[in-house]
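An overview of the molecular structure
Chain by chain, the residues run as shown.
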2 protein chains.
Amino acid sequence: MEITFRSIGTIHSPFHDLADMPIQPYGEASSPGTIEIYPDYSAGLKDLGGFSHIILLYYLHKVSSVQLTIIPFLDSEPRGVFATRAPLRPNPIGLSVVPLQKIEGNILFVDQLDVLDGTPLLDIKPYVPEFDERTEVRIGWLEHARGKARFARSDNRF
Amino acid sequence: MEITFRSIGTIHSPFHDLADMPIQPYGEASSPGTIEIYPDYSAGLKDLGGFSHIILLYYLHKVSSVQLTIIPFLDSEPRGVFATRAPLRPNPIGLSVVPLQKIEGNILFVDQLDVLDGTPLLDIKPYVPEFDERTEVRIGWLEHARGKARFARSDNRF
């Protein structure tokens, strides 16, 4: 089944190259940036300013291949792509939870971006701990990498 | 910019009607179910079984219109759609964090589904608190609805 979406905006960040980027939004290397919502959709931003954090879903537009098993940034073993956050997914949709600083018209000012400049935005959802947080969590192979993502940057592998 | 995705599997749940569904996965009304991954993609499931919770991204295939402002289930005022989790979004992508119970071949057994039977799956990501949880969170208009989603069910509004 083919599904067609349309970008609702563009993410602007200081990252112009897939290498040397932060690999997760909370990393030391992540950066403030802006999100431009296209005027057709700006009415949907009403009330969003009351939320401190938002979930961004975006199209990983520079990803041109799919790998079902990959060696992720924080590991040295091949892992199933669905057990990783790596970008070479069958449907390259990125997900980041970022702090929302302010909204001016159709421009969102956010922090902790780990997203390439010019990335097409698919959706924004409010981050709600009651819906999105879980306790008693096991994180499989990532257990041994705990804490490393904060300082890690990408290389050329994807 | 048009973006085309392809479903990688199908979500099977006891919910056959958009009305009377749980409105969030952790609700009292949510249900166990299965996720069938199409054989072409099953190699990507390697190592996923080590994670207790997974993030499902899916296509809200029964949503046929877009509303930029809507009255959400937990409220009586019109809100911008991006400040809600309502389905009538410009790009109808659903997001649920659910417990993964076991994997048998290309079938995932999960709990706490709030998803319509037959929903096309777009992506699975491991839920990693270090990446996905945030503290000191403000939740805007939802503040007064805190705790209500657990018992709420949908009606016919979407």
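Everything below is about the structure printed above this text.
Residues numbered from 1 in each chain as written. Chains lettered and ligands numbered in written order. Predicted model: local features only at pLDDT ≥ 70, side-chain atom pairs only at ≥ 80, totals over all residues. Heavy atoms only, no water.

Structural notes on the overall build of chain A
- Looking only at helices and strands, chain A has one helix and nine strands in total.
- Reading chain A from its N terminus to its C terminus gives the helix and strand order β-β-β-β-β-β-β-β-β-α.
- Since a compact globule built from 158 residues should have a radius of gyration of about 15 Å, the 16 Å found for chain A is in line with a globular shape.
- Seen through its C-alpha atoms, chain A measures out along the principal axes to roughly 45 × 35 × 35 Å.
- Counting over 158 residues, chain A shows a buried share of 57%.
- For chain A, the accessible area works out to roughly 6,400 Å², and carbon and sulfur atoms hold 48% of it.
- Here chain A carries 15 positive and 20 negative side-chain charges, and the mean point of each set is 4 Å from the other. (Helix = DSSP H or I, 4+ residues; strand = E, 2+ residues; numbered from the N terminus. Rg over C-alpha atoms; globule rule 2.2 N^0.38 Å. Buried < 20%, exposed > 50% of the residue type's maximum accessible area, 1.4 Å probe, protein only. Areas by Shrake-Rupley, 256 points an atom, 1.4 Å probe, with all protein chains shown as cover. Lys, Arg positive; Asp, Glu negative; His and termini not counted. Charge placed at Lys NZ, Arg CZ, Asp CG, Glu CD.)

A few points about the sheet that holds strand S9 (residues 119–126) of chain A
- The strand order S2-S3-S8-S7-S4-S9 (chain A) describes a closed barrel built from six strands, whose pairing is antiparallel. Strand-to-strand twist in this sheet, taken as the mean axis angle between neighbours without regard to direction, amounts to 45 degrees. (Pairing = 2+ DSSP bridges. Axes fitted to C-alpha atoms, helices over the stretch in contact; angles between N-to-C directions.)

Some thoughts on the relation of the copies chain B and chain A
- Rotating chain B by 180 degrees and moving it 0.0 Å along the rotation axis overlays it on chain A with an RMSD of 0.0 Å. Here the transformation between the copies is reduced to the relation of a two-fold axis. The position closest to the rotation axis in chain B is occupied by the C-alpha of B:Thr4, lying 2.2 Å away.
- When the interface residues of chain B are mapped onto chain A, 100% of them again fall at the interface, so both copies present the same face. (Least-squares fit on C-alpha atoms with pLDDT ≥ 70 in both. Contact = heavy atoms within 4.5 Å.)

A short note on the pairing of strand S2 (residues 9–12) of chain B
Residues and elements named next belong to chain B.
- Two strands pair when backbone bridges link them, and S2 and strand S3 (residues 31–37) are joined in this way by four bridges, in the antiparallel orientation. The residue of S3 that forms the bridge with isoleucine 11 is isoleucine 35.
- Where S2 and strand S9 (residues 119–126) come together, three bridges link them in antiparallel fashion. Among the inter-strand pairings, isoleucine 11 is bridged to a residue of S9, identified as threonine 119.

Some thoughts on the interface of chain B and chain A
- Contact with chain B, which involves 73 residues of that partner, is made by 73 residues of chain A.
- Together, the buried faces of chain B and chain A total about 7,000 Å²; carbon and sulfur atoms form 60% of this surface.
- When residues of chain B are sorted by the area they lose upon contact with chain A, B:Phe5, B:Phe82 and B:Arg134 head the list and together hold 12% of the total.
- For the interface between chain B and chain A, the tally reads eight salt bridges. (Buried area = accessible area lost by both parts, 1.4 Å probe. Salt bridge = Lys/Arg side-chain N within 4 Å of Asp/Glu carboxyl O.)

Digging into the environment of B:Arg134
- With respect to the helices, strands and loops of the structure, B:Arg134 is situated in the segment after helix H1 (129–132).
- From its side chain, B:Arg134 meets the backbone oxygen of B:Phe131 in a polar contact 3.0 Å long. (Polar contact = N/O pair within 3.5 Å; in protein donor to acceptor, adjacent residues only side chain to side chain.)

Quick look at the packing of aromatic side chains
- In this structure the tally under the stated criterion is three aromatic pairs over all chains.
- Judged by centre distance (5.9 Å) and plane angle (70 degrees), the rings of A:Tyr59 and B:Phe5 are edge-to-face. Taken together, the positions of A:Tyr59 in strand S4 (residues 53–59) and B:Phe5 in strand S1 (residues 2–6) put the pair across two chains.
- By relative accessible area, which is 2% here, B:Phe5 ends up buried.
- Through successive ring pairs, a cluster of aromatic residues spans A:Phe5, A:Tyr59, B:Phe5 and B:Tyr59.
- The ring of A:Phe109 carries A:Lys102 above its face, with NZ or CZ at 4.7 Å from the centroid. (Phe/Tyr/Trp six-rings, centres within 6.5 Å; stacked < 30°, edge-to-face > 60°. Lys NZ or Arg CZ within 6 Å of the ring centre and 35° of its normal.)

Things to note about the environment of A:Leu100
Residues and elements named next belong to chain A.
- Inspection of the secondary structure assignment puts leucine 100 in strand S7 (residues 93–104).
- The buried category is assigned to leucine 100, whose relative accessible area is 8%.
- What leucine 100 contacts, discounting residues up to four positions off in sequence, is Leu48, Gly49, Phe51, Ser52, His53, Ile54, Leu108, Phe109 and Val110.

Description of the sheet that holds strand S4 (residues 53–59) of chain B
Residue and element names in this part refer to chain B.
- A barrel is described by the order of its strands in space; here six strands give the closed sequence S2-S3-S8-S7-S4-S9, paired in antiparallel fashion. Each adjacent strand pair in this sheet contributes to an overall mean axis angle of 45 degrees, direction not counted.
- Where S4 lies against strand S7 (residues 93–104), seven bridges are found, and the strand directions are antiparallel. When the bridges of S7 are listed, isoleucine 54 appears paired with valine 98.

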